[in-house]
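Next come the chains, spelled out residue by residue.
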Amino acid sequence: MTSQELEVTVDETPAPAAPSLTGTAKLRRRRWGWWVLGAVVLAGAAGAVGWAAASVLSPAEDVLEATPFTFVEVAAGEVGSSIQLNTVAEWSPVPVGTNRAAGVVTTIGVAPGEEVVQGSVLYTVDLRPVVVSQGAVPAFRAIGAGAEGADVVQLQALLAARGVYDGPADGTAGSGTVGAIREWQKSMGMPQTGVIEPGDVIFVPTLPTRIALDEEVVFRGATLTGGEEVVRGLPAAPVFTVPVTGAQAAMMPAGTRVEITAPDGTVWTAFAGARASDPNSGTIDVALDGESGTVICADQCGQVPVTGEALLGSRIVTVAPVQGLVVPSAALVTEASGQTAVITADGQRVPVTVVASARGMSVVEGVEAGARVRVPATDAP
């Protein structure tokens, strides 16, 4: 034989039939199949819940880590800083005049803190006016014909100021003075006796001046017997102070600008001055001064009540507003040489000069408006 033959023998004997399943076995197989299917469904559901929980409960990506820097545009703006505190305004009245009239106070002629001049009516007693006049000598006697003395000179000055006397202030009550007294009494609705009673005039050191009547003594219906110190003189302006803590005082060096809101909404400008510690409250009282020695409230001091302390809202300018090109302070980087710079969008370092900084923003010079600078400033993208 020249070739080998491969002989394959096939067993054609029929295979034995598979044993048939009983009804119980078939039921068990079906139950097992449902268990497998249920397990698959539960596993899928558990996977979906786990994915949802991971999506909802996992922390958000840190923005700073995801974006290490951003860019802002250099733009014109204003940088400044201030704090809101209360300013205490208080008058410091001193007794300047004594009442000599006896009777019942029938009217009050002046408001607290009002400025008075020669002949201003302060109040009336039994409907008889009590006026104010300038003089160092208090009223102590009746002044009529023949009276002489320094108090007569003061009376003659009052009569001249009221336009009823043009004679000399010689301290002698002659016919001209007596005639002027009658004219003045007529204008005031008083009996024309030609004699000034001691209760008709209260002499005070200087006029014009702001005054306040002692409201506990002089009020409508009060009974006066004479001798009461009822007129209190006020200085040109109330005293303004700002009570602060030690930390706040450090923010208010001498010269710090303070903008005080008056009761009518007007803004008064003042500046921080001397300071003193209050041992009772533990605070520091910063005194306020007007610009170049001027009165803080100018001609509006009458708005400040003459009794007690008035609290006025105030803006303490800790950093004066400065206008210019503004960038976030975080955009500034300091070179090894000490030069301050910003890093532009193309990675260039541009030297700048910081003019002012407050509340995380800075006014700078040396960079152009519209340039985009890196925040925070960093070399590494």
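Above this text sits the structure in question.
Thresholds, definitions, all that
- Sequence order as written defines the numbering, with residues in each chain counted from 1.
- Restriction of local features to residues with pLDDT of at least 70 applies here, the model being predicted, together with a cutoff of 80 or more for giving and counting side-chain atom pairs; totals for whole chains, interfaces and linings are based on all residues.
- Each side-chain value is derived from all of the structure's non-hydrogen atoms; neither hydrogens nor water enter the calculation.
- Helix and strand definitions here come from DSSP, where helices need a minimum of 4 consecutive H or I residues and strands a minimum of 2 consecutive E residues; each element is numbered from the N-terminal end.
- Throughout, a contact is declared for two residues whenever any of their heavy atoms are within 4.5 Å.
- Two cysteine sulfur atoms form a disulfide, by the criterion used here, when they sit within 2.5 Å.
- Think of it in three bands: residues with accessible area under 20% of the maximum for their type are buried, residues over 50% are exposed, and the middle band is partly exposed, with areas taken using a 1.4 Å probe on protein chains only.
- To estimate how far a helix should reach, multiply one less than its number of residues by 1.5 Å.
- Here, a salt bridge means any side-chain nitrogen of Lys or Arg that lies within 4 Å of a carboxyl oxygen of Asp or Glu.
- Read the arc as the range of directions from the helix axis to the C-beta atoms.
- One requirement defines pairing of two strands: DSSP has to find at least two bridges between them.
- A 1.4 Å probe that fits into a set of points on a 1 Å grid over the protein atoms alone but cannot get out defines a cavity; an open set with protein on both sides within 12 Å along at least five of seven lines defines a pocket, and lining residues are those with an atom within 4 Å of a point.
- Grid points are joined across faces, edges and corners, and a volume is the space filled by probe spheres set on the points.
- Residues were grouped as follows: Ala, Val, Leu, Ile, Met, Phe, Trp, Tyr, Cys and Pro as nonpolar; Asp, Glu, Lys and Arg as charged; and all remaining residues, including Gly, as polar.
- What counts as an axis is a line fitted to C-alpha atoms, over the stretch in contact for a helix, and the angles between N-to-C directions run from 0 to 180 degrees.

Peer 1: Just to check I follow, could you spell out the side chain of Thr177 for this structure?
Peer 2: Summarising the element assignment, Thr177 is placed in helix α4 (residues 175-187). Setting aside residues no more than four positions away along its own chain, Thr177 makes contact with Gln156, Leu159, Tyr165 and Thr172.

Peer 1: Hey, could you run me through the state of the cysteines in this one?
Peer 2: Here a disulfide denotes a covalent bond joining the sulfur atom of one cysteine to the sulfur atom of another. Counted by the stated rule, this structure contains one disulfide. Residue pairing for Cys297: its cysteine sulfur links by disulfide to Cys301, the two sulfurs lying 1.9 Å apart. Because the torsion about its S-S bond is 85°, the bridge between Cys297 and Cys301 counts as right-handed. The exposure class assigned to Cys297 is buried, which follows from its relative accessible area of 0%. The exposure class of Cys301 is buried, given its relative accessible area of 0%.

Peer 1: Is there a simple way to explain helix α3 (residues 150-161) in this structure?
Peer 2: Think of an α-helix as 3.6 residues a turn; residues three or four steps apart then line up on the same face. Taking 1.5 Å as the rise per residue, α3 with twelve residues should run 16 Å; its terminal C-alpha atoms sit 17 Å apart, in good agreement. Every buried residue belonging to α3 is among Asp151, Val152, Gln154, Leu155, Gln156, Leu158 and Leu159, and all of these are buried. Buried residues along α3 sit in contact with β7 (128-134), α4 and β8 (201-204). Note on α3: the residue one or two positions beyond its end, Gly163, has a positive phi of about 80°.

Peer 1: Teacher, can you tell me more about the pattern of salt bridges here?
Peer 2: Applying the stated criterion to the full structure yields six salt bridges. The salt bridge partner of Arg232 is Asp214, with a shortest N-O separation of 3.2 Å. Of this pair, Arg232 sits in strand β11 (residues 229-234) while Asp214 sits in the loop between β9 (209-213) and β10 (223-224), and the two are 18 residues apart along the sequence. The shortest N-O distance in the salt bridge between Arg257 and Glu259 comes to 3.1 Å. Given the relative accessible area of 36%, Arg257 is considered partly exposed. Connected through salt bridges with shared partners, the residues Arg257, Glu259 and Arg315 form a single ionic network.

Peer 1: I'm lost on α4 in this one. Help?
Peer 2: Between the first and last C-alpha of α4 there are 19 Å, a value that for 13 residues agrees with the 18 Å anticipated at 1.5 Å per step. Of all the residues in α4, the buried ones are Thr177, Val178, Ala180, Ile181, Trp184 and Gln185. Viewed along the axis of α4, the buried residues span an arc of 160°, placing them on a single side of the element. Every exposed residue of α4 that faces more than 90 degrees away from the buried side is listed here: Ser175, Lys186 and Ser187. Elements in contact with the buried residues of α4: β7 and α3. Just past α4, the residue Gly189 takes up positive phi, approximately 75°.

Peer 1: Would you mind going over the environment of Ala331 with me for this structure?
Peer 2: Position of Ala331 among the secondary structure elements: in the loop between β16 (310-328) and β17 (332-334). The class for Ala331 is buried, based on a relative accessible area of 0%. Taking the C-alpha atoms as reference points, Ala331 and Gly360, 29 residues apart in sequence, are found 10.0 Å from one another. Dropping the residues within four chain positions of it, Ala331 is found in contact with Ala341, Val342, Ile343, Val373, Arg374, Val375 and Ala377.

Peer 1: Help me understand the sheet that holds β9, please; the structure alone is not making it clear to me.
Peer 2: The pairing of strands in a sheet happens through backbone hydrogen bonds and is either parallel or antiparallel. Within the open sheet, the four strands sit side by side as β3-β11-β9-β5. Their pairing is antiparallel. Of all the strands in the sheet, the pair left with one neighbour each is β3 (94-98) and β5 (115-116). In this structure, β9 lies alongside β11, joined through four bridges in antiparallel fashion. If you follow Arg210 over to β11, its bridge partner there is Leu234.

Peer 1: What should I look at first to understand the layout of surface pockets in this one?
Peer 2: If a probe the size of a water molecule is rolled over the atoms, the empty space left behind becomes visible. Considering only enclosed or pocket space, the largest pocket measures out at about 160 Å³ in volume. The wall of the largest pocket is formed by Val88, Glu90, Val239, Thr241, Pro243, Asp278, Asp285 and Glu309. A class-by-class count of the residues in the lining of the largest pocket yields three nonpolar, one polar and four charged.

Peer 1: Hey, could you run me through empty space enclosed by the protein in this one?
Peer 2: Enumeration according to the criterion identifies one cavity of 30 Å³ or more in this entry. For the largest cavity, the calculated volume is near 60 Å³. Every residue along the wall of the largest cavity is listed here: Ala139, Phe140, Arg141, Ile143, Asp151, Leu155, Ile196, Glu197, Pro198, Val201 and Phe203.

Peer 1: Quick question: what am I supposed to make of the sheet that holds strand β18 (residues 340-343) here?
Peer 2: Spatially, β17-β18-β19 is the arrangement adopted by the three strands of the open sheet, whose pairing is antiparallel. At either margin of the open sheet sits one strand with a lone partner, and together these are β17 and β19 (349-351). In this sheet, neighbouring strand axes are inclined to one another by 45° on average, regardless of whether the strands run parallel or antiparallel. In the sheet, β17 pairs with β18 via three bridges, with the strands oriented antiparallel. Opposite Leu332, over in β18, you have Val342 as the bridge partner.

Peer 1: What is the right way to look at the pairing of strand β14 (residues 267-277) in this model?
Peer 2: Successive residues of a regular strand alternate their side chains across the two faces of the sheet. As paired elements, strand β13 (residues 257-261) and β14 share five bridges and run antiparallel to each other. Within β14, the residue paired with Glu259 across the bridge is Thr269. The sheet contact formed by β14 and strand β15 (residues 284-289) spans five bridges and is antiparallel. Looking at β15, one finds that Ala276 is bridged to Asp285.

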